[in-house]
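Take a look at the letters that make up each chain.
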Amino acid sequence: MSHPLRSLREHILRATAISGEGHLASAFSIMDILWVLYHDVLRIDPANPRAAERDRFVLSKGHAAVGLYAILAQRGFIAFEELLKFAASDSLLGGHPDCRKVPGVEASTGSLGHGMPMAVGMAMGLRIKAETPRVITLIGDGEANEGSIWEAAMLAVHHKLGNLTCILDYNHSGDRALRLGDLSTKFAAFGWESCEIDGHDHAQILHALTPTGGDVPRLVVANTIKGKGCPEMEHNPAWHHKIPTPTELESLIAQLT
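The shown structure was predicted, so the numbers you read here are calculated from the model rather than taken from an experiment. (Residues numbered from 1 in each chain as written. Predicted model: local features only at pLDDT ≥ 70, side-chain atom pairs only at ≥ 80, totals over all residues. Heavy atoms only, no water.)

### Quick word on the packing of helix 1 (residues 4–19) against helix 4 (residues 65–75)
Remark: helix 1 packs on helix 4, axes separated minimally by 10 Å, with the N-to-C direction vectors making an angle of 125°. Relative to helix 4, the element helix 1 is oriented oblique. As for the relative orientation of helix 1 and helix 4, their crossing is right-handed in sense. Counting all contacts with helix 1, which are made through Leu8, Ile12, Ala15 and Thr16, the residues of helix 4 involved are Val66, Gly67, Ala70, Ile71 and Gln74. (Axes fitted to C-alpha atoms, helices over the stretch in contact; angles between N-to-C directions. Helix = DSSP H or I, 4+ residues; strand = E, 2+ residues; numbered from the N terminus. Parallel < 35°, antiparallel > 145°, perpendicular 65-115°, else oblique. Left-handed = near helix turned anticlockwise from the far one by under 90°. Contact = heavy atoms within 4.5 Å.)

Written out as structure tokens, the structure reads:
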């Protein structure tokens, strides 16, 4: 029996093919992370998506929104039928997530470098109110080019936001523009607790996201493969924002793992 993630990848492929929009490879690189988050880590309730005690997840790399929508559908926040209307003019689901429209979306993101600072603000507000929910944000390696990421990193340490975790999707998509090197060490130099994992190994993901307590924010560098789960897409920059033709769609679906 295939893992349910294969089915989600097929839903993502069909949604982007119908709409002519979406960042397939960027979404595929984070699906294992999203699966563990939404099944084993986040305290969430699809029947009450704004519950005060919920954990907050912010997809800072908002261009991977179609991947988030797929997991939200799988968990019951939205209907799977809505995925087939992805990016349509009358759809809840835009090319980037909108917290005013989509149940389960905590922040409207897409302009790179904005989601992590919003997550820092959420974590700071919860800490001020002495409330217990965690805040987890997911950024891309290319997004770490943005100065706002490092400003947010300094602020999180200064305010001792141990309730904040940042997952860095290190799929090396930005290497052609700027090689960022050892990001775990760089965040540690800013005062973060940091670790590095295989971003497709569910046991490693879960272990890295297990709360450790204290007042130090945590970085998880998740080494991932862009396009993971579809061999033709893996490590292929041509698929960053490419939409499959009808013939390509069936070929890609047949390859899915």
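### Digging into the pairing of strand 3 (residues 164–170)
Burial within strand 3 is extensive, with 7 of its 7 residues counted as buried. In strand 3, alternate side chains face the same way, and those of Leu164, Cys166, Leu168 and Tyr170 on one face and Thr165, Ile167 and Asp169 on the other are all buried. Here 6 bridges tie strand 2 (residues 135–140) to strand 3, and the two strands are oriented parallel to one another. Bridge assignment links Val135 to a residue of strand 3, and that residue is Leu164. (Buried < 20%, exposed > 50% of the residue type's maximum accessible area, 1.4 Å probe, protein only. Pairing = 2+ DSSP bridges.)

### Examining the packing of aromatic side chains
Following the criterion strictly, the structure yields 5 aromatic pairs and no others. Ring plane angle 45° and centroid distance 4.7 Å describe the contact between Trp150 and Phe187, whose orientation is recorded as tilted. Placement of Trp150 in helix 7 (residues 147–158) and of Phe187 in helix 8 (residues 183–189) is noted, with a sequence separation of 37 residues between them. Look at Phe187 and Trp192: their rings are 5.3 Å apart centre to centre, the planes differ by 90°, and that puts the pair in the edge-to-face class. (Phe/Tyr/Trp six-rings, centres within 6.5 Å; stacked < 30°, edge-to-face > 60°.)

### Here's the deal with helix 7
The end-to-end C-alpha distance of helix 7 is 17 Å, a good match for the 16 Å that 12 residues give at a rise of 1.5 Å each. In this fold, the buried residues of helix 7 make contact with helix 6 (115–128), strand 2, strand 3 and helix 8. Just downstream of helix 7, Lys160 is the residue with a positive phi angle, here 55°. (Expected span 1.5 Å × (residues − 1).)

### What about the sheet that holds strand 1 (residues 56–59)?
Strand order in the open sheet made by the 5 strands is 1-2-3-5-4, with parallel pairing throughout. Edge positions in the open sheet fall to strand 1 and strand 4 (193–198), since each of these has one partner strand only. Averaged over all pairs of adjacent strands, the angle between their axes in this sheet comes to 20°, without regard to strand direction.

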